[in-house]
Amino acid sequence: MSQPTKSLPPGGVPPMRAPARSDPVQPGWLRITHWLNVLAVLAMLTSGWRIYNASPIFGFRFPIEITLGGWLGGALRWHFAAMWLLVANGVVYLLINLASARFARRFFPLTLRGVARDALAALRGRLSHDDPRHYNQVQRAAYLFAVLDLMLLVASGLAVWKPVQLGWLCAAFGGFQGARLVHFVAMAGLTAFIAVHVAMVALVPRTLRTMLTGR
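Looking at an unreviewed UniProt entry, one finds the protein named Thioredoxin reductase, with Pandoraea morbifera as its source organism. For the record of the protein, the UniProt heading Subcellular location (unreviewed entry) holds the text "Cell membrane".

Right under this line is the structure:
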């Protein structure tokens, strides 16, 4: 017994199937943690500059116009609130990255030779950005630096905040003043990373779109 045939639409051409939707370049959880991190870091930096101005380590102060808090007490409140957001958000980011193996896929392998090669290619304008899912070794090194630097900021900040209760941590940084110095240097490193990161986004605007829409 013959099988019934399906009728074709006028013109005899079967309808085209919609292409399967590809996975997003940046998943939703990553975009959320990224922008929460941006908010926390901006609040911490600007309030931290106001706290620094109250007792500077070096012979300069930050312009009051770029600080947050208005006064020392207000800056401290902003700083601690942003710190807890940063820590909670960072724990979620790291746990999901490790559990999904995304950390290993995106950030490794990483070698000094590879970083030097890609940095030289970038300076010559020959570094390809065709695949936003793939990080070159300069990006891998920069993002890993940001993660480790944020950890150092939190650890040294806790040592400055609770030098007696966390005496062992404060001692690991060489005492209270040592912890303050490490905290300042880590802050400067993070500021430099942000400046370079923003410059790279300006050169490759597609990376901003993927962090907003995922594609």
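Time to look at the overall build of the protein. Within the protein, the secondary structure is distributed over eight helices and zero strands. Seen in sequence order, the protein has helices and strands lined up from the N terminus as α-α-α-α-α-α-α-α. Among the 215 residues that make up the protein, the fraction classed as buried is 32%. Considering only residue pairs separated by 6 or more positions, the protein has 67% of its internal contacts joining residues 24 or more positions apart.

Attention now goes to the packing of helix α4 (residues 112–123) against helix α5 (residues 137–161). Interaxial distance between α4 and α5 falls to 7 Å at its minimum, and their mutual angle equals 115°. Residues Gly114, Val115, Arg117, Asp118 and Ala119 of α4 pack against Gln137, Val138 and Ala141 of α5. Classifying every residue of the contact of α4 with α5 by side-chain character gives four nonpolar, two polar and two charged.

Here we come to the packing of helix α1 (residues 28–54) against helix α2 (residues 72–99). The geometry of α1 relative to α2 is characterised by a closest axis approach of 8 Å and an angle of 150° between their N-to-C directions. It follows that α1 is roughly antiparallel to α2 by the angle criterion. Along this stretch, α1 crosses α2, giving a crossing that reads as left-handed. Partitioning the contact of α1 with α2 into residue classes produces 21 nonpolar, seven polar and one charged.

Here we take up the confidence of the model for the protein. Residues of the protein with pLDDT of at least 70 account for 84%, and the chain-wide mean is 83. Contacts from residues 1–8, a stretch scored under 50 in pLDDT, to residues over four places away or in other chains number zero contacts. Taken as a whole, residues 16–20 scores under 50 in pLDDT and shows zero contacts with residues more than four places along the chain or in a different chain.

Here we take up the packing of aromatic side chains. Here the structure, examined in full by the defined rule, presents twelve aromatic pairs. Ring centres of tyrosine 52 and phenylalanine 60 lie 5.5 Å apart, and the angle between their planes is 35°; this geometry places the pair in the tilted category. On the accessibility criterion, tyrosine 52 (6% relative accessible area) is buried. A ring pair is formed by phenylalanine 58 and phenylalanine 60, whose centres lie 6.4 Å apart and whose planes are at 0°; its orientation type is stacked. What makes phenylalanine 58 partly exposed here is its relative accessible area of 38%. Three or more aromatic residues joined by ring pairs form one cluster here, namely Trp49, Tyr52, Phe58, Phe60, Phe62 and Phe184. Lying across the ring of tryptophan 161, lysine 162 places its NZ or CZ 4.8 Å from the centre.

Here we take up the side chain of arginine 140. Turning to its location among the elements, arginine 140 is positioned in helix α5. At 2.4 Å, the side chain of arginine 140 and the backbone oxygen of proline 109 are in polar contact. Excluding its chain neighbours within four sequence positions, the residues that come into contact with arginine 140 are Arg106, Phe107, Phe108, Pro109, Leu110, His134 and Tyr135.

Next up on the list: the UniProt feature "transmembrane region" (unreviewed entry) in the protein. Within the UniProt annotation, "transmembrane region" (unreviewed entry) is assigned to residues 35–52, 78–96, 141–161 and 181–205. The annotated region residues 141–161 carries 100% helix and 0% strand content, and the separation between its end C-alpha atoms amounts to 30 Å. Summarising residues 181–205: 92% helix, 0% strand, and an end-to-end C-alpha distance of 35 Å.

How each quantity is defined
- Residues numbered from 1 in each chain as written.
- Predicted model: local features only at pLDDT ≥ 70, side-chain atom pairs only at ≥ 80, totals over all residues.
- Heavy atoms only, no water.
- UniProt positions renumbered as here; feature names shortened; annotations may be inferred.
- Helix = DSSP H or I, 4+ residues; strand = E, 2+ residues; numbered from the N terminus.
- Buried < 20%, exposed > 50% of the residue type's maximum accessible area, 1.4 Å probe, protein only.
- Contact = heavy atoms within 4.5 Å.
- Axes fitted to C-alpha atoms, helices over the stretch in contact; angles between N-to-C directions.
- Nonpolar A, V, L, I, M, F, W, Y, C, P; charged D, E, K, R; others polar.
- Parallel < 35°, antiparallel > 145°, perpendicular 65-115°, else oblique.
- Left-handed = near helix turned anticlockwise from the far one by under 90°.
- pLDDT = per-residue confidence, 0-100.
- Phe/Tyr/Trp six-rings, centres within 6.5 Å; stacked < 30°, edge-to-face > 60°.
- Lys NZ or Arg CZ within 6 Å of the ring centre and 35° of its normal.
- Polar contact = N/O pair within 3.5 Å; in protein donor to acceptor, adjacent residues only side chain to side chain.

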